[in-house]
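Each chain is listed here by its residues.
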Amino acid sequence: MNLAIIGATGNVGRKILEVLEKSEVAVDNLILVASKKSEGKKIFFKKKEFIIESLAEYDFSRAEFTIFAAGSEIAKEWVTIASKKTIVIDNSSFFRMEKDIPLVVPEVNASVLKEHNNIISNPNCSTIQMVLVLKPLHDKYRIKRVVVSTYQAVSGAGKVPMDELFSQSKDYLQGKKIISKNFTKQIAFNLIPHIDVFSKDGYTKEELKMINETKKF
Ligand SMILES: NC(=O)c1ccc[n+]([C@@H]2O[C@H](COP(=O)([O-])OP(=O)(O)OC[C@H]3O[C@@H](n4cnc5c(N)ncnc54)[C@H](OP(=O)(O)O)[C@@H]3O)[C@@H](O)[C@H]2O)c1
């Protein structure tokens, strides 16, 4: 199998590579893609060197499977184009609630994979963990209501916010002025009790993702 990863330099892309390295999935040809600014950078996978390619010039027919881990904006722009030439597994929220696109956690609903139009969507990270636990309970007892609290690391927001935590922590310890760019408040030595932006009904987008995606299973 030939496999391409779009967003290979990001948090999710690098985690996918880490998992693949330990897995028994045989990849004949791995293609690593990111933005223009990462073009030419090197990543090591199974002790072999891979050169990052730029998405703008990438030909999607080079791999049977393409994992997108580059966010909703990139998914919106490229996934449908890519799906004409490759089977796409998208990690962003962009396609999750689309009626004809399967939203899959293999341990929970792999059977829906029988029908897809080359786009398969992957739920929010908190949703995945939750439905894994809920599925056997629901099968046996039919769950009516779930009360959830999540405590999430800065890494969940991506590598740029993670860098902000690092540099802000340094500034904080050196008594320098704190500037927040990716969060609503100082994140260094702090805990912000909401994730993503608020919608009109008072829920945050992260909360709504968990509510709505879970109902699609
Ligand atoms: N972090 C999590 O725990 C988590 C969990 C589940 C799902 N997700 C979802 O997975 C997606 C990726 O998240 P992440 O945390 O990995 O983000 P991230 O760390 O910010 O990484 C983003 C990746 O997208 C690439 N990218 C950005 N702009 C691009 C462009 N114009 N063309 C091509 N590539 C581009 C980046 O490449 P450069 O390095 O070249 O900029 C990088 O490889 C998001 O949709 C997120 O919601 C994240």
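Residues numbered from 1 in each chain as written. Predicted model: local features only at pLDDT ≥ 70, side-chain atom pairs only at ≥ 80, totals over all residues. Heavy atoms only, no water.

### Considerations on the nonpolar core
No. 1: Grouped together as the largest cluster of nonpolar side chains are 17 residues, with contacts concentrated most on Ile6, Tyr58, Phe60, Phe68 and Val79.
No. 2: Looking at this core, the elements with two or more residues in it are β1 (2-6), β2 (29-34) and α2 (72-82).
No. 3: It is α2 that provides the largest number of residues to this core, a total of 4 residues.
No. 4: In this structure, Leu20, Leu32, Ile52 and Ile67 belong to the second largest nonpolar core, which totals 15 residues. (Core = buried A, V, L, I, M, F, W, Y, C linked by side-chain atoms within 4.5 Å. Buried < 20%, exposed > 50% of the residue type's maximum accessible area, 1.4 Å probe, protein only. Helix = DSSP H or I, 4+ residues; strand = E, 2+ residues; numbered from the N terminus.)

### Some thoughts on the pairing of strand β6 (residues 65-68)
A regular strand places its side chains so that they alternate between the two faces of the sheet.
No. 1: Alignment of β1 against β6, held across 4 bridges, turns out to be parallel. Looking across to β6, one finds that Leu3 is bridged to Phe65.
No. 2: What joins β6 to strand β7 (residues 87-90) is α2, and the crossover it makes is right-handed. (Pairing = 2+ DSSP bridges. Right-handed = clockwise from strand over helix to strand, strands pointing away.)

### Points about the site of the ligand
No. 1: Around the ligand, the structure places 22 residues, and the nearest of them are Thr9, Ser35, Lys37, Ser38 and Lys159.
No. 2: Here an oxygen atom of the ligand sits 2.6 Å away from a polar atom, N or O, in the side chain of Lys159.
No. 3: Summarising the interface, the protein chains cover 76% of the accessible area of the ligand, which totals 900 Å² for the free molecule. (Near = heavy atom within 4 Å. Polar contact = N/O pair within 3.5 Å; in protein donor to acceptor, adjacent residues only side chain to side chain. Areas by Shrake-Rupley, 256 points an atom, 1.4 Å probe, with all protein chains shown as cover.)

### Describing the sheet that holds β1
No. 1: Spatially, the 6 strands line up as an open sheet ordered β5-β2-β1-β6-β7-β8, and their pairing is parallel. Whereas interior strands pair on both sides, the edge strands pair on one side only; in this sheet they are β5 (53-54) and β8 (119-121).
No. 2: In this fold helix α1 (residues 11-22) packs onto β1, β2 and β6, with an angle of close to 150° to the strand it touches most, β1. (Contact = heavy atoms within 4.5 Å. Axes fitted to C-alpha atoms, helices over the stretch in contact; angles between N-to-C directions.)

### Describing the side chain of Arg96
No. 1: Summarising the element assignment, Arg96 is placed in the loop between β7 and α3 (106-109).
No. 2: Within polar-contact distance, the side chain of Arg96 engages the backbone oxygen of Asn91 at 2.9 Å.
No. 3: Within the structure, the side chain of Arg96 is placed 3.2 Å from the backbone oxygen of Ser92, a separation counted as a polar contact.
No. 4: Among all residues touching Arg96, those that are not within four sequence positions of it are Asn91, Leu103, Ser121, Asn122, Pro123, Asn124, Lys209, Glu213 and Lys216.

### A short note on the environment of Lys99
No. 1: Positionally, Lys99 belongs in the loop between β7 and α3.
No. 2: For Lys99, a relative accessible area of 76% translates into the label exposed.
No. 3: For Lys99 and Val27, which are 72 residues apart along the polypeptide, the C-alpha to C-alpha distance reads 31 Å.

### Comments concerning unusual backbone geometry
No. 1: One non-glycine residue with positive phi stands out, namely Lys46, at about 50°.
No. 2: With respect to the secondary-structure elements, Lys46 resides in the loop between β3 (42-45) and β4 (48-51).
No. 3: The exposure class assigned to Lys46 is partly exposed, which follows from its relative accessible area of 45%.
No. 4: Positive phi is not limited to glycine here, since Asn118 has a value of about 70°.
No. 5: Mapped onto the elements of the fold, Asn118 is located in the loop between α3 and β8.

### Some thoughts on the environment of Pro161
No. 1: Looking at the secondary structure, you find Pro161 in helix α5 (residues 159-173).
No. 2: For the pair Pro161 and Ile187, spaced 26 residues apart in sequence, the C-alpha separation works out to 9.2 Å.
No. 3: Once residues lying within four places of it in the same chain are set aside, the contact partners of Pro161 are Val154, Asn182 and Phe183.

### What to know about α2
Residues three or four positions apart in an α-helix share a direction because the helix packs 3.6 residues into each turn.
No. 1: For α2, the full list of buried residues reads Ala75, Trp78, Val79 and Ala82. The buried residues of α2 occupy an angular sector of 115° when the element is viewed end-on, so they sit on one face.
No. 2: Of the surrounding secondary structure, the elements contacted by the buried residues of α2 are β6, β7 and β8. (Arc of directions from axis to C-beta.)

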